[in-house]
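Below are the chains, spelled out letter by letter.
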Amino acid sequence: MPLKQQRLTINIDHVATIRQARRGDEPNPVDAVPICEGAGANGITAHLREDRRHVQDADIRQLKERITTYFNFELACTDEIVAFACEMKPEQATLVPERREEITTEGGLDVFSDPARISESVARLQGAGIRVSLFIDPDLRAVEQSKELGATAVELHTGTYALHPADPSNITALRSAALRGAEMGMKVHVGHGLNVRNVGLVAAIPQVEELNIGHSVISRAVFVGLDQAVREIRAAIDAAGSKRE
Ligand code: PXP
């Protein structure tokens, strides 16, 4: 029997990136919400970075009001942003690594070098009623450690697979990590670098329940509009996901 439809959450950071290019008020990332939701997204993701390079605090407040599906708030383990997330109470918080000089989130969270800091953030967020996912590399030890740290879900970093989709070791690593995550009782999400061409193999992994996709959708939207861009990635996911067993 085919599994139920996977959740697609659209990351709207890059709508804010365009706005911040002029530090003005358009395009407003909050206006992307009803379009994405109307085109088949099951959730909206936004990353409030410490340097506020795209999404701003006021966006998060408005997103919280405007999202009718569910809100996946991405954040680093810093006191200030964890406190803000606890106040905002999104349905889900995804903890990500953050380096100021990076162009985008490069690599998964280091779950080994300072586990106390991560588990404390997980506990604070969960104490506020927020489900917590950890963005990690598709590595079995990292999956197991995430469970130790109290995560409800892991988001497996698909960036290496997206860069080298023809290298079978990359999809194999994602499959093994997804299986291990589910065996350990966690939800399995994926994200980074996914597009209509490479999403199929990942969406076909039986344990994958949620896919977080941003850059390729916003890029495509420049030419065909956001509604159409979301519909295209939704169709690519559903075509592969419906064949899972
Ligand atoms: N998941 C996480 C944790 C991310 O940090 C990002 C990028 O902000 C994404 C998914 C989306 O990646 P992309 O924009 O490449 O689709």
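Residues numbered from 1 in each chain as written. Predicted model: local features only at pLDDT ≥ 70, side-chain atom pairs only at ≥ 80, totals over all residues. Heavy atoms only, no water.

Peer 1: Help me understand the sheet that holds strand S3 (residues 71-75) in this model?
Peer 2: Remark on secondary structure: sheet strands pair via backbone hydrogen bonds, oriented parallel or antiparallel. With parallel pairing, the eight strands of this closed barrel are ordered in space as S1-S2-S3-S4-S5-S6-S7-S8. Mean inter-strand twist for the sheet, computed between neighbouring axes without regard to direction, equals 25°. Where strand S1 (residues 7-11) meets strand S8 (residues 208-213), four bridges bridge the pair, whose relative direction is parallel. Residue pairing across strands places Leu 8 opposite Leu 211, the latter belonging to S8. (Pairing = 2+ DSSP bridges. Helix = DSSP H or I, 4+ residues; strand = E, 2+ residues; numbered from the N terminus. Axes fitted to C-alpha atoms, helices over the stretch in contact; angles between N-to-C directions.)

Peer 1: What is the right way to look at the packing of helix H4 (residues 79-88) against helix H5 (residues 115-127) in this model?
Peer 2: Where H4 contacts H5, the two axes come as close as 9 Å, and the packing angle between them is 20°. With respect to each other, H4 and H5 are oriented roughly parallel. Handedness of the H4/H5 crossing: right-handed. Residues Asp 79, Val 82, Ala 83, Ala 85 and Cys 86 of H4 pack against Ser 121, Arg 124 and Leu 125 of H5. Here the contact of H4 with H5 is composed, by residue class, of five nonpolar, one polar and two charged. (Parallel < 35°, antiparallel > 145°, perpendicular 65-115°, else oblique. Left-handed = near helix turned anticlockwise from the far one by under 90°. Contact = heavy atoms within 4.5 Å. Nonpolar A, V, L, I, M, F, W, Y, C, P; charged D, E, K, R; others polar.)

Peer 1: Would you explain the nonpolar core in this entry?
Peer 2: Note that soluble globular proteins tend to have their nonpolar side chains buried in a common cluster. Grouped together as the largest cluster of nonpolar side chains are 72 residues, with contacts concentrated most on Ile 60, Leu 95, Leu 134, Leu 156 and Leu 211. Here the element with the most residues in this core is helix H11 (residues 226-241); it accounts for seven residues. Aside from chain neighbours lying at most four places away, what touches Leu 156 is Phe 135, Ile 136, Asp 137, Pro 138, Val 143, Leu 174, Ala 177, Ala 178, Val 188, His 189, Val 190 and Gly 191. (Core = buried A, V, L, I, M, F, W, Y, C linked by side-chain atoms within 4.5 Å. Buried < 20%, exposed > 50% of the residue type's maximum accessible area, 1.4 Å probe, protein only.)

Peer 1: Is there a simple way to think about the packing of helix H3 (residues 57-66) against H4 in this case?
Peer 2: The relative placement of two packed helices comes down to the angle between their axes together with the axis-to-axis distance. Where H3 contacts H4, the two axes come as close as 11 Å, and the packing angle between them is 25°. One element, H3, and the other, H4, form an angle in the roughly parallel class. In this structure, the crossing between H3 and H4 has a hand that is right-handed. Contacts from Asp 57, Ile 60, Arg 61 and Lys 64 in H3 reach Phe 84, Glu 87 and Met 88 in H4.

Peer 1: What exactly am I supposed to notice about the environment of Thr 17 here?
Peer 2: Here Thr 17 lies in helix H1 (residues 13-20). In this structure Thr 17 comes out as partly exposed when scored by relative accessible area, which is 34%. Note: C-alpha distance between Thr 17 and Asp 114 (97 residues apart in sequence) is 31 Å.

Peer 1: I'm lost on helix H10 (residues 215-224) in this one. Help?
Peer 2: Every α-helix carries 3.6 residues per turn, so stepping three or four residues along brings you back to the same face. Among the residues making up H10, those that are buried are Val 217, Ile 218 and Ala 221. Viewed end-on, H10 has its buried residues packed into an arc of 95°, placing them on one side of the element. Opposite the packed face of H10, turned more than 90 degrees from it, sit the exposed residues His 215, Val 222 and Phe 223. Close packing links the buried residues of H10 with S1, H1, S8 and H11. Trailing H10 by a residue or two, Gly 225 shows a phi angle of about 95°, which is positive. (Arc of directions from axis to C-beta.)

Peer 1: How should a nonpolar patch on the surface be read in this particular structure?
Peer 2: Nonpolar side chains collect at one region of the surface, where Val 222, Phe 223 and Val 224 lie side by side and expose about 330 Å² of accessible area between them. In this fold, Val 222 is placed in helix H10. Overall, Val 222 belongs to the exposed group, its relative accessible area being 59%. (Patch = residues over 30% accessible without salt bridge, like charges linked within 9 Å, V, L, I, M, F, W, Y side chains within 5 Å. Areas by Shrake-Rupley, 256 points an atom, 1.4 Å probe, with all protein chains shown as cover. Salt bridge = Lys/Arg side-chain N within 4 Å of Asp/Glu carboxyl O.)

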